[in-house]
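Below are the chains, spelled out letter by letter.
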Amino acid sequence: MIHSLFLINCSGDIFLEKHWKSVVSQSVCDYFFEAQEKAIDVENVPPVISTPHHYLISIYRDKIFFVSVIQTEVPPLFVIEFLHRVADTFQDYFGECSETAIKDNVVIVYELLEEMLDNGFPLATESNILKELIKPPTILRSVVNSITGSSNVGDTLPTGQLSNIPWRRAGVKYTNNEAYFDVIEEIDAIIDKSGSTVFAEIQGVIDSCIKLSGMPDLSLSFMNPRLLDDVSFHPCIRFKRWESERVLSFIPPDGNFRLISYRVSSQNLVAIPVYVKHMISFKENTSSGRFDVTIGPKQNMGKTVEGVVMTVHMPKAVLNMNLTATQGSYTFDPVTKVLTWDVGKITPQKLPNLKGMVNLQSGAPKPEENPSLNIQFKIQQLAISGLKVNRLDMYGEKYKPFKGVKYITKAGKFQVRT
Amino acid sequence: WVSASVAASRHSLAGAPSLGGTSAGRKKQTNKQTKKTPLKTGKNVKMGIFFRHDDLKEMLDSNKDSLKLEAMKRIVAMIARGKNASDLFPAVVKNVACKNIEVKKLVYVYLVRYAEEQQDLALLSISTFQRGLKDPNQLIRASALRVLSSIRVPIIVPIMMLAIKEAASDMSPYVRKTAAHAIPKLYSLDSDQKDQLIEVIEKLLADKTTLVAGSVVMAFEEVCPERIDLIHKNYRKLCNLLIDVEEWGQVVIINMLTRYARTQFLSPNQNDGKDAKAEAAMLAKCKPYVMDPDHRLLLRNTKPLLQSRNAAVVMAVAQLYFHLAPKAEVGVIAKALVRLLRSHRSVQYVVLQNVATMSIKRRGMFEPYLKSFYIRSTDPTQIKILKLEVLTNLANETNISTILREFQTYIRSMDKDFVAATIQAIGRCATNIGKVRDTCLNGLVQLLSNRDELVVAESVVVIKKLLQMQPAQHSEIIKHMAKLTDNIQVPMARASILWLIGEYCEHVPKIAPDVLRKMAKSFTNEEDIVKLQVINLAAKLYLTNSKQSKLLTQYVLNLAKYDQNYDIRDRARFIRQLIVPTEKSGALNKYAKKLFLAQKPAPILESSFKDRDHFQLGSLSHLLNAKAVGYQELPDWPDEAPDPSVRNVEVPSEEEEEEEREKKAKKKAPQGRKGRAETSSEEASTSESSSSGSDSGSEAEAKQRKVMRAGMGGCTGIPVPPIELPISTPCSPPAARPAPRRFPCLIWMTLLSPAFSAVKTYELLHRMAGEGLAVEYCFSRRPFPGDPHMVAVQIQISNNTDTEVKNLRVNEPKPLSGMRIQEFPEIEHLAPGDTASVVMGIDFCDSTQAANFQLCTHTRQFYVSIQPPVGELMAPVFMSENEFKKEQGKLMGMSEITEKLMLSEKCQSDHTIVQQLTSAANVGRVPCGASNEYRFAAKTVTSGSLVLITLERREGSTAQLTINSEKMVIGTMLVKDIIQALAQ
């Protein structure tokens with residue numbers, strides 16, 4: 001299956017290689033570099049590249065290319081999903097998945113890769129098992145290790161691999177037993193020029209942070225489970241129970257994990273919390289243009305819309321922008337032509353507005369297309385779909401855990417065409 | 001020089017763990033190499049290397065683990081950066097038996113990396129692993145096998161083979177899993193071992209644990225994918241285990257089963273695409289299609305996996321449904337695939353490729369999700385183009401107007417490659433849907449005045465294709481395009497325009513010669529494809545309008561005659577011979593007009609994804625549209641189904657095997673729990689959930705299981721229902737507790753003694769474990785005299801020893817929070833052979849958690865526990881029909897659980913149904929008017945909440961079970977138990 005893995009940074013240095021079968025020379029990456037050059041920007045590098053003897057399947061995460069070498073037929077998603085899992089594990093272990101973090105912890109990285117694949121076939125990918133095998137680095141531990149000479153490889157044997165709930169370690173103990181759930185919903189929308197909604201959809205996830213001792217068996221129920229149209233589950237969830245009762249029943253992994261992700265059924269109309277009034281025009285002869293954008297709250301259920309940021313990829317012909325913002329601050333990068341306006345909170349009394357002149361390259365033809373506006377925002381304590389957690393019950397353990405649920409609504413891919 | 005080199009190496013190595021100054025380190029090294037070159041004799045180079053790793057060797061040879069560890073860390077950092085560290089091999093291998101686990105692990109990493117290069121030295125380490133294979137700890141055995149099999153040294157093939165064979169029959173499923181992983185490793189090292197390896201695979205395929213299933217199927221796929229016959233006997237088991245297998249294994253198993261199903265079952269869409277006549281003939285000939293139950297089993301058991309968080313699993317199920325499911329059922333996968341579109345870019349890319357292929361064949365499936373494929377300006381170009389492909393495939397009469405409106409937005413995009421693709425997509429929509437052809441054409445003509453040349457050029461090419469369908473009506477457009485030749489520079493577009501004018505020159509008789517004149521002027525500066533079209537145009541004009549264009553044609557042909565490109569020279573020569581009549585020119589001259597101005601069929605604009613579905617979807621080959629190495633062809637459906645009985649598994653033999661295992665287990669029991677727990681995870685979990693603390697229930701268990709098997713003997717042909725839940729754990733929650741045990745108990749106990757005929761008894765203490773003291777208990781279902789909130793448990797103690805047992809009592813009850821135990825009065829004497837019966841009361845707090853306590857005699861104490869079935873946590877209440885309905889009305893919504901079930905053959909009469917149900921739960925019957933309905937009511941013992949049960953018989957042997965209770969957990973578990981009792 002997966003033959004080798006190369007990690008490549010943005011400037012094209014191969015800074016880590018790992019082989020699970022016999023060694024494949026680094027020169028195989030030349031095909032990748034070739035494709036990278038052709039693709040102009042990193043987003044467009046094809047994930048699957050065919051070379052005379054190998055196939056290269058790659059992902060791009062956090063400014064690193066994970067390039068895997070394949071020799072025989074294998075489902076491409078299998079490899080892609082695995083590579084993302086590797087990146088997630090690094091993120092989990094080092095707090096960030098960056099070149100420096102990987103280089104600083106090269107030995108741990110190597111040990112992890114060794115455990116995650118055997119002969120190219122995934123062996124242990126659950127973070128709970130891995131953490132039992134290889135302890136994540138902490139400052140305290142590295143100091144202690146350097147003094148006592150002890151190691152960061154767990155000396156206990158990985159019992160998790162033998163159990164039939166591989167996602168949970170045995171013998172978890174906390175003094176404070178807590179279970180937190182974040183219900184995060186994102187609105188994906190395309191709004192057309194006239195302000196009407198072309199497409200809108202709510203996607204949500206429930207991220208959990210569970211620190212409970214022993215083997216708790218949780219069941220989480222919703223006031224309105226029928227809202228959830230399409231759900232994907234963490235493997236710990238008992239599917240049958242969901243099918244029959246619409247209750248999430250599970251023995252949780254220890255720590256942070258994504259419990260479910262869901263899509264709200266498309267019949268429900270999606271409330272769009274903000275509206276945008278825009279006037280963007282370019283004049284041919286004077287090589288200038290006008291830019292005027294106002295953002296206001298719409299259906300926001302009485303909550304404040306905050307963390308509003310607007311980013312616009314301006315046409316190439318734009319040289320500079322001379323704007324005034326009634327609220328927040330804006331920046332325009334003349335190299336990438338990206339305008340960013342950090343608005344902050346919207347107060348309905350005084351709507352934030354960004355207005356001014358656009359300077360175009362003289363002589364260049366006027367841009368035909370108006371750029372689309374990408375909006376980000378956040379609404380605390382609201383799940384826009386109306387989803388509500390009913391209760392959380394715990395079985396199997398005697399203590400009383402502290403429970404908490406938080407709701408957040410965010411803009412996902414929220415785009416306004418102009 | 002030497003000291004300088006050492007210093008340099010020290011420096012670079014000190015930098016190694018942090019790796020901060022890589023470039024600096026590298027520079028130093030290159031410096032060193034340049035220094036080395038003048039002295040480059042073999043000996044000196046060796047010396048250099050020796051000195052370079054001198055300090056590392058020293059550290060490895062030291063006695064301190066911390067130094068060894070530091071050295072190994074540096075070496076691994078070198079390997080990670082792709083630097084050669086092979087010269088350290090002897091020093092490293094010495095540490096293979098190091099006590100420190102991390103050092104050992106890093107040595108393994110090193111060994112596996114370099115063993116292939118240093119085969120002789122690698123052999124030194126083999127004995128360590130051979131020793132490891134015999135270790136009592138399963139994890140050490142597994143790790144030894146893992147490293148041993150990763151050492152790619154051909155000499156040790158026989159050792160590996162032996163190790164794999166042994167590990168394949170290891171007691172620990174984890175070791176067996178490792179053996180499965182080792183099989184492809186050995187196969188790639190020495191493919192001559194294939195036959196022996198297949199034997200091992202066959203053996204491991206029969207393994208019943210989920211841990212092994214994924215890995216062995218992987219081995220099967222790599223070693224012998226053609227041996228489909230090995231799957232027959234394991235097919236049903238694999239289907240049923242699937243949901244519990246780890247996610248990577250699921251992908252492999254699903255892909256394999258897709259292929260298997262294609263060879264073993266009939267197509268569910270047989271009548272697809274055949275004309276009516278053939279269909280009628282078919283119908284007359286063969287009997288109507290009935291899906292093989294095994295085929296259905298596969299579809300049913302894979303469906304829940306569409307909900308997996310792993311995109312690869314979702315894709316695997318999606319392709320299985322696409323290739324195997326009846327047309328009407330394929331739709332379910334669309335939702336899941338659309339969900340994946342929210343994922344990372346690379347996942348999107350692969351999913352869209354597959355959706356593009358699927359949407360050609362099953363357009364209806366994705367139509368409801370049309371808007372999910374709308375394009376955002378922030379999508380990368382390759383994603384945009386794939387989405388466009390899908391949108392085009394989904395276009396039909398009803399949605400075309402929305403799609404075209406969307407396309408209009410795209411045309412104004414800044415991403416010009418994407419605009420070009422959009423124009424092509426519009427062209428495809430126009431050819432496929434006649435209704436909008438004119439609208440599209442007009443839109444495209446407007447684009448001809450676009451400022452961007454790429455856009456114009458692409459429009460020209462597409463317009464050319466569209467015009468070819470109905471040229472007569474569009475001479476205006478042709479004229480307009482003729483004017484464009486002055487401005488447009490893109491060769492493909494120029495060539496297209498010239499071809500159009502030549503082809504339809506009779507529609508533009510005045511303009512055509514003028515265009516030729518202009519082109520003749522610029523001929524030498526044109527691109528090759530344009531030149532060819534100029535010649536073409538000239539020839540066509542010569543034939544239709546020779547008066548005006550004769551000289552021009554001659555001129556162009558003369559220019560072409562001396563062109564640099566031989567293609568153009570050839571074409572000119574050929575055309576001259578064909579059209580200009582000379583004395584030499586032969587018969588062809590007469591037909592020149594027919595040759596050039598024949599009716600040409602309009603091009604069909606097709607998706608590049610058409611017919612890609614002959615590759616298995618989701619595969620690498622499908623994505624590349626070319627057969628990848630090792631791709632297994634997806635076979636066509638057979639015309640006649642092969643014998644389905646090959647998948648039947650013989651039950652008796654299995655039972656014997658089971659029995660043997662049980663015997664083994666019993667032998668091991670005295671050695672302590674560990675040996676037993678290792679026999680198989682399946683068994684371990686059953687024993688743990690039945691009676692914690694006592695190991696010796698195995699004999700009784702074996703008997704019970706036997707009874708159960710016998711009971712099921714009649715229905716071997718029917719696939720076993722899928723396993724309930726993915727989880728069963730040591731401190732298993734009430735909901736996940738395996739329920740089926742209770743039913744066989746009933747049969748077995750009814751035979752036992754008439755006194756217990758109505759109720760089931762359970763074992764508290766086995767005769768062997770109790771050193772002659774046997775204790776059984778049953779739920780008497782009478783109210784406990786002292787306390788109405790307690791469940792009465794009748795305990796029967798028999799003394800099988802030959803001495804008197806004294807002072808029998810309950811000691812130190814350790815109830816969980818809220819649970820209370822009322823002990824039975826102490827039994828002072830129990831003579832040998834005597835039996836005493838006492839009653840104790842337990843308040844279980846309406847939960848099925850076990851009550852643990854000690855049973856003491858004057859000499860010994862035994863830890864025992866009583867775990868109540870959910871049906872015993874309640875007491876019957878009697879109420880009228882009206883009261884029942886009223887109470888039921890209060891317990892709707894969340895408190896109501898409804899489940900459908902099939903009544904078993906035995907449970908057809910009223911009497912048996914009531915009997916089965918009341919034996920499963922302690923409930924009272926409520927009178928009921930309707931003849932096909934049964935009602936029961938009870939109250940939970942502790943809190944007194946009502947539990948209402950309604951069973952409604954439908955036609956056939958189906959029935960619907962409804963339970964209303966505010967105790968949802970109890971309700972859920974009760975549903976399970978009742979269904980178990982009625983369905984088996």
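Heads up: the structure comes first, above all this text.
These figures come from a predicted structure and were not determined experimentally. (Residues numbered from 1 in each chain as written. Chains lettered and ligands numbered in written order. Predicted model: local features only at pLDDT ≥ 70, side-chain atom pairs only at ≥ 80, totals over all residues. Heavy atoms only, no water.)

Quick notes on the environment of Asn 310 of chain B
Then, in step 1: Within the secondary structure, Asn 310 of chain B sits in the loop between helix H18 (293-302) and helix H19 (311-324).
Then, in step 2: Sequence-wise, Asn 310 of chain B and Val 251 of chain B are 59 residues apart; in three dimensions their C-alpha atoms are separated by 9.5 Å.
Then, in step 3: Ignoring sequence-local partners within four residues, the contact set of Asn 310 of chain B consists of Glu 81 and Arg 85 of chain A together with Glu 247 and Trp 248 of chain B.
Then, in step 4: Within the local environment of Asn 310 of chain B, its side chain forms a polar contact with the backbone nitrogen of Ala 312 of chain B, the two atoms lying 2.8 Å apart. (Helix = DSSP H or I, 4+ residues; strand = E, 2+ residues; numbered from the N terminus. Contact = heavy atoms within 4.5 Å. Polar contact = N/O pair within 3.5 Å; in protein donor to acceptor, adjacent residues only side chain to side chain.)

A word on the sheet that holds strand E1 (residues 2-9) of chain A
All names here are of chain A.
Then, in step 1: Pairing within the open sheet is antiparallel, and its five strands lie in the order E2-E1-E5-E4-E3. Only two strands of the sheet have a single neighbouring strand rather than two, namely strand E2 (14-19) and strand E3 (48-50). Each adjacent strand pair in this sheet contributes to an overall mean axis angle of 20°, direction not counted.
Then, in step 2: Relative to strand E5 (residues 64-70), strand E4 (residues 55-61) runs antiparallel, the two sharing seven bridges. (Pairing = 2+ DSSP bridges. Axes fitted to C-alpha atoms, helices over the stretch in contact; angles between N-to-C directions.)

Points about a nonpolar patch on the surface
Residues and elements named next belong to chain B.
Then, in step 1: Taken together, the side chains of Leu 588, Tyr 591 and Leu 595 present a nonpolar region at the surface, about 310 Å² in accessible area.
Then, in step 2: Its place among the elements puts Leu 595 in helix H34 (residues 592-596).
Then, in step 3: Residue classification places Leu 595 among the partly exposed residues on the basis of a relative accessible area of 48%. (Patch = residues over 30% accessible without salt bridge, like charges linked within 9 Å, V, L, I, M, F, W, Y side chains within 5 Å. Areas by Shrake-Rupley, 256 points an atom, 1.4 Å probe, with all protein chains shown as cover. Salt bridge = Lys/Arg side-chain N within 4 Å of Asp/Glu carboxyl O. Buried < 20%, exposed > 50% of the residue type's maximum accessible area, 1.4 Å probe, protein only.)

Regarding the interface of chain B and chain A
Then, in step 1: Counting from both sides, the interface comprises 113 residues of chain B and, opposite them, 115 residues of chain A.
Then, in step 2: Carbon and sulfur atoms supply 58% of the area that chain B and chain A bury against each other, a total of about 10000 Å² over both sides.
Then, in step 3: Summed over the three residues of chain B that lose the most area to chain A, namely Trp 248, Arg 342 and Arg 376 of chain B, the buried surface amounts to 9% of that side.
Then, in step 4: Remark: the boundary between chain B and chain A carries 11 salt bridges.
Then, in step 5: Lys 185 of chain B is the partner of Asp 118 of chain A in a salt bridge, and the nearest nitrogen-oxygen pair spans 2.9 Å.
Then, in step 6: If you look at where chain B meets chain A, you find 35 residue pairs in polar contact (both at pLDDT 80 or more).
Then, in step 7: Taken together, the residues of the side of chain B that touches chain A sort by class into 53 nonpolar, 34 polar and 26 charged. (Buried area = accessible area lost by both parts, 1.4 Å probe. Nonpolar A, V, L, I, M, F, W, Y, C, P; charged D, E, K, R; others polar.)

A few points about the side chain of Gln 250 of chain B
Then, in step 1: Structurally, Gln 250 of chain B can be placed in helix H16 (residues 247-264).
Then, in step 2: Separated by 3.4 Å, the side chain of Gln 250 of chain B and the backbone oxygen of Ile 243 of chain B make a polar contact.

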